[in-house]
Number of protein chains: 4
Amino acid sequence: MATKNFYAVIAGVGAGTGRSVALKFAKAYPVVLLARQPESYRDIVKEIVDAGGKALGITTDVTKQESVESAFAEIQKAEGFAGAGLAAAIYNVSAGFGGRKPFLETSINDLDAALAANPRGLYLFAKSALPLLLESVPTSPHPPTLIVTGATASVRGSAYFSGFAVGKFAKRGLAQSLAREFHPQGVHVAHAIIDAVIDIPRTRGYTVNNGAPDGKLSPDAIADEYWHLHTQHRSGFTQEIDLRPYIEKF
Amino acid sequence: MATKNFYAVIAGVGAGTGRSVALKFAKAYPVVLLARQPESYRDIVKEIVDAGGKALGITTDVTKQESVESAFAEIQKAEGFAGAGLAAAIYNVSAGFGGRKPFLETSINDLDAALAANPRGLYLFAKSALPLLLESVPTSPHPPTLIVTGATASVRGSAYFSGFAVGKFAKRGLAQSLAREFHPQGVHVAHAIIDAVIDIPRTRGYTVNNGAPDGKLSPDAIADEYWHLHTQHRSGFTQEIDLRPYIEKF
Amino acid sequence: MATKNFYAVIAGVGAGTGRSVALKFAKAYPVVLLARQPESYRDIVKEIVDAGGKALGITTDVTKQESVESAFAEIQKAEGFAGAGLAAAIYNVSAGFGGRKPFLETSINDLDAALAANPRGLYLFAKSALPLLLESVPTSPHPPTLIVTGATASVRGSAYFSGFAVGKFAKRGLAQSLAREFHPQGVHVAHAIIDAVIDIPRTRGYTVNNGAPDGKLSPDAIADEYWHLHTQHRSGFTQEIDLRPYIEKF
Amino acid sequence: MATKNFYAVIAGVGAGTGRSVALKFAKAYPVVLLARQPESYRDIVKEIVDAGGKALGITTDVTKQESVESAFAEIQKAEGFAGAGLAAAIYNVSAGFGGRKPFLETSINDLDAALAANPRGLYLFAKSALPLLLESVPTSPHPPTLIVTGATASVRGSAYFSGFAVGKFAKRGLAQSLAREFHPQGVHVAHAIIDAVIDIPRTRGYTVNNGAPDGKLSPDAIADEYWHLHTQHRSGFTQEIDLRPYIEKF
């Protein structure tokens, strides 16, 4: 598999899913890590480089057009990325959710944050990534891929989580529209419904599914799934998957 | 049916659905009409008053918090509305959609407009309406009701209409969350998937469904449906309906 | 509303929804009640006739082709029905579900019963009713209507209720296919997701939703809803509704 | 990966998906091929054996309880299978669909055939396979898996294809119920929505998607997908995927 001339970009990299996805795709491609704070990507970049891979971290606010455009401009000038094609773009940003709160206690700022991080960020990211993914169609080892991380709330509004559903529904609507527009052009757009608590440092203390073993979703399992989606042949694209631990009620 | 102490408010009133809904609810309640331009509600207010009803038009930008809050403050001071309870609130705003356009030719402004008019406007409207609807629960003739107008794009993203799906999916996610939170408190929240071209002045020239009679959706049929939703007994709330002409492909 | 030349037929009549639907439609039309046992329809026929309406009960096994065909033949010869048009056909059969049971403890007989009463019965009923409904299109006061009663299990398979979901999913698939085929011909086909325990004699002792008032779905509310669906103008057909008490979790 | 003590069974093997799935799983496990006619599996068994694998064909009518039970009894006595554990069971039967036909021209036999081959066959197959899959939970290399092949008609009823939707909806309802019941016990149950014309000998002459390259779904792509589902870690099970060519409208 020719990998040296293609790279992947992951928006929303921290200690959880983003890190696992970056490590997974780094086995095949140089990777770019976008996060709002350098602390979020610094160690992962080092981890990849130490393992012999290639990684570039760029401090980016995906909710701001200039920030996203400047990140993509920087990639295309960076050593080892200039001249390379974009093989995969993963939108994994999940900020902007204020937690469980009665609707009447939320504020318009909560809503705006949810809209900014979810549909607006995805819009800006897709706007920069899709022209590059389209360019890669004729030559990339796998169909160029845009993957969007969703959640239970992407398909189900819940009491006391109204801001959460708003952002996730919107992101799903955008991903589905993009799939219908870009699949025929050869770019694979997939949406993943992550219906679980993910097993990351922040959730280490949570008791989920009565503490059953593997009762939280491993971020490495998500990364494996994203890689699998990326490698699907164009005769069979999956547009949407759900993913949850065996023990999870649904 | 005691109606004199309750009123209805309709956001997004123009020549089409909003007008029909206002006329329908005006048979039972004084109605408030919110629109961005006085031209949008002026004739309808006159039509209702001439028919012996009561109507109040308020120039409102539902995408702005101050504007929505000031509209609701004005209602509660207006003659004939002060002291009355809110029986029904209908969110029928559909601005903010730039039409068929390849994704890469849209701009962040298109997206922002779609988000402002759809989830953001609904959020602000619901934030002001729900406390009043809750107050009406013990005394209103029918369960107080919040109805949200959706579209085909509420459940289906389409190529070249990405901005449309983003806003409509988000609005549906919010409506569903609100239903799950406020149904148990006695407020009915319903979402209507309008899967049709509506038969309004603006669409008069469109040939739809090969020009079949009744091939467009009558706005009066939508109004009848909304009234029906409002009058459902609390032992049987409908959260979501679809509505389309008999001849419409789906 | 001209009613004397049209009638309605309800399959699956007992002490609950079927009775309420029959009483409701009997206000506008002579009604035919189909049930497997005369005990299921006898009192309802009397109740309708005593109230000045017209009703005919026919002992029918909807899972048997000959039985269904013979019921429809009998209707067309019966005094007061001969020569009349079919305005509405309601399929409300819900037999064939063996209750909560681990899958491995169910038998093929449970499955066969679920399939017989749900898709097979609906198929046979629709096969006899649709030609009559089509004939009524040009003259009936409302668009001729076929309504199918579904359940939560129509859209959601559940652990320990596998037989239930099988039958309900199948019935929904058939109703949706029929809608897509017969709507353009003027016959309205609607499916109702009854997401509740219905308040009927059999469930009187159940504590539902912590015993909240109106915590069970009133069968009269279902009947109102079915009548409403029947009276929708052809410019706006609803194909599917959900219906549940305000207090029901969903 | 220890494979010698586990086997896979595929119901519905012919020239298309079943063959590809059998060949794929045969790389890891001895496989059993069930088909109504020996002609359907004979060449595939030979192909697998010639390639150094192990395969057993059993003539089985999945719509008959005795036939399915006798097939599973035979497996457990067969050389190379006796004493082994069941790792994966794939239900790929798609018979029983009479093609495009107006509903009123179908017969109850068409419906019965659709019900027999889809929910009834899956029921019988699952009834025999699940106890064996449960036994394999503690020791199998991957979570034991039941995979069900669905179609566009699993989630969408279409005009003139009513029998098709009935069977596919039912099968999906059963698969979803089984997932909710058996996932917590460690058995993975997945349903695949195959939204495409599959590229098999029978469809070779069809022009699909304007003859675009890879415009039909490769059966090998389906097989890869099923294998991937089988290998998912229990911390992240996918219950449902869609699969369609990049160029397919949806």
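This text follows the structure it describes.
This section reports on the structure supplied with the text. What you see as residue numbers is a count from 1 along each chain, following the sequence as written. Here the convention is simple: chains get letters from A, ligands get numbers from 1, in the order in which they are written. Given that this is a predicted model, residues contribute local features only at a pLDDT of at least 70 and side-chain atom pairs are listed and counted only at 80 or more, while totals for whole chains, interfaces and linings are drawn from all residues. Water and hydrogen atoms play no part in the side-chain values, which are based on all heavy atoms of the structure.

Structural notes on the relation of the copies chain D and chain C
Look at the two chain copies: a rotation about an axis and a shift along it is all it takes to match them. We place the copies in one frame by least squares, fitting the C-alpha atoms of every residue whose pLDDT is at least 70 in both. Take chain D, turn it by 180°, move it 0.0 Å along the axis, and it overlays chain C with an RMSD of 0.0 Å. These values place the two chain copies in the arrangement generated by a two-fold rotation axis. Proximity to the rotation axis, assessed at the C-alpha, singles out Ala 170 of chain D in chain D; its C-alpha lies 2.2 Å from the axis. Residue by residue, 100% of the interface of chain D is reproduced at the interface of chain C, so both copies engage with the same surface. It only takes one pair of heavy atoms within 4.5 Å for two residues to be counted as in contact.

Notes on the interface of chain A and chain B
Between chain A and chain B, the residue contacts involve 40 residues of the former and 40 residues of the latter. Buried area: the sum, over both parts, of the accessible surface (1.4 Å probe) that disappears when the two are put together. Counting the surface lost from both chain A and chain B, the interface buries some 3400 Å², and carbon and sulfur atoms represent 67% of this. We define a salt bridge as a contact between a side-chain nitrogen of Lys or Arg and a carboxyl oxygen of Asp or Glu at a distance within 4 Å. Joining chain A to chain B, the criterion identifies two salt bridges. With a shortest N-O distance of 2.6 Å, Asp 112 of chain A and Arg 120 of chain B are connected by a salt bridge. N or O atoms closer than or at 3.5 Å make up a polar contact, with two conditions inside protein: a donor-capable atom paired with an acceptor-capable one, and, for residues adjacent in sequence, both atoms drawn from side chains. Summed over the shared surface of chain A and chain B, the result is 19 residue pairs in polar contact (both at pLDDT 80 or more). Considering each element in turn, the side of chain A that touches chain B owes the most residues, 14 residues, to helix H5 (residues 162–182) of chain A. Polar here means any residue outside two lists: the nonpolar Ala, Val, Leu, Ile, Met, Phe, Trp, Tyr, Cys and Pro, and the charged Asp, Glu, Lys and Arg; Gly therefore counts as polar. Split by residue class, the side of chain A that touches chain B holds 24 nonpolar, nine polar and seven charged. The numbering of helices and of strands both runs from the N terminus, where a helix is a DSSP run of H or I of at least 4 residues and a strand a run of E of at least 2.

What about the relation of the copies chain A and chain B?
Its rotation angle being 180°, the transformation that places chain A on chain B also includes 0.0 Å of axial translation and leaves an RMSD of 0.0 Å. Interface overlap between copies is the fraction of interface residues in one copy that are interface residues in the other; for chain A against chain B it reaches 100%, indicating a shared surface.

Thoughts on the interface of chain D and chain C
Taken residue by residue, the interface counts 40 residues in chain D and 40 residues in chain C. Between chain D and chain C, the buried area comes to about 3400 Å², and carbon and sulfur atoms account for 67% of it. Contact with chain C buries surface across chain D, with Phe 103, Tyr 123 and Glu 181 of chain D losing the most and accounting together for 20% of the total. Inspection of the region where chain D meets chain C yields two salt bridges. At the boundary of chain D and chain C, one finds 18 residue pairs in polar contact (both at pLDDT 80 or more). Secondary-structure elements contributing two or more residues to the side of chain D that touches chain C are helix H4 (108–136) and helix H5 (162–182) of chain D. When residues in the side of chain D that touches chain C are grouped by element, the largest group, 14 residues, is from H5 of chain D. When the residues that make up the side of chain D that touches chain C are grouped by side-chain class, the tally is 24 nonpolar, nine polar and seven charged.

A look at the packing of aromatic side chains
Centres within 6.5 Å make a pair out of two Phe, Tyr or Trp rings, where for Trp the six-membered ring is used; the pair is then stacked when the planes are under 30 degrees apart, edge-to-face when over 60, and tilted otherwise. Inspection of every chain in the model, using the stated rule, returns 28 aromatic pairs over all chains. An angle of 80° between the planes, with centres 5.0 Å apart, marks the rings of Phe 25 of chain B and Trp 227 of chain B as edge-to-face. Taken together, the residues Phe 25 of chain B in helix H1 (residues 17–26) and Trp 227 of chain B in helix H6 (residues 219–231) connect sequence positions 202 residues apart. On the accessibility criterion, Phe 25 of chain B (0% relative accessible area) is buried. Assessed through its relative accessible area of 16%, Trp 227 of chain B is described here as buried. An aromatic cluster of three or more residues is present, and its members are Phe 25, Tyr 29 and Trp 227 of chain A. By the criterion adopted, a ring carries a charge over it if an Arg CZ or a Lys NZ lies within 6 Å of its centre and within 35 degrees of its normal. One Lys or Arg, Arg 244 of chain B, reaches over the ring of Phe 250 of chain B and ends 3.8 Å from the middle of that ring. Each residue is assigned to one of three classes by its accessible area relative to the maximum for its type, calculated with a 1.4 Å probe on protein chains only: buried under 20%, partly exposed between the two thresholds, exposed over 50%.

Description of the packing of helix H1 (residues 17–26) of chain C against helix H2 (residues 38–50) of chain C
Residue and element names in this part refer to chain C. To get an axis, fit a line to the C-alpha atoms, keeping to the stretch in contact for a helix; angles then go from 0 to 180 degrees between the N-to-C directions. One way to put it is that H1 packs onto H2 with a least axis distance of 10 Å and a crossing angle of 25°. The orientation of H1 with respect to H2, classified from their angle, is roughly parallel. Judged by the sense of rotation from one axis to the other, the crossing of H1 with H2 is right-handed. From H1, Arg 19, Ala 22, Leu 23 and Ala 26 reach across to H2, where they touch Ile 44, Glu 47 and Ile 48. Among the residues forming the contact of H1 with H2, the class breakdown is five nonpolar, no polar and two charged. Our angle categories are set so that under 35 degrees counts as roughly parallel, over 145 as roughly antiparallel, 65 to 115 as roughly perpendicular, and the remainder as oblique. Each helix crossing is assigned a hand: it is left-handed if the near helix lies turned anticlockwise from the far helix by less than a right angle, otherwise right-handed if that turn is clockwise.

Concerning unusual backbone geometry
Here Asn 209 of chain A, not a glycine, exhibits a phi torsion of approximately 50°, which is positive. In this model, Tyr 160 of chain D sits at a positive phi of 70°, which is unusual for a non-glycine residue. Assignment of secondary structure puts Tyr 160 of chain D in the loop between strand E5 (145–151) and H5.

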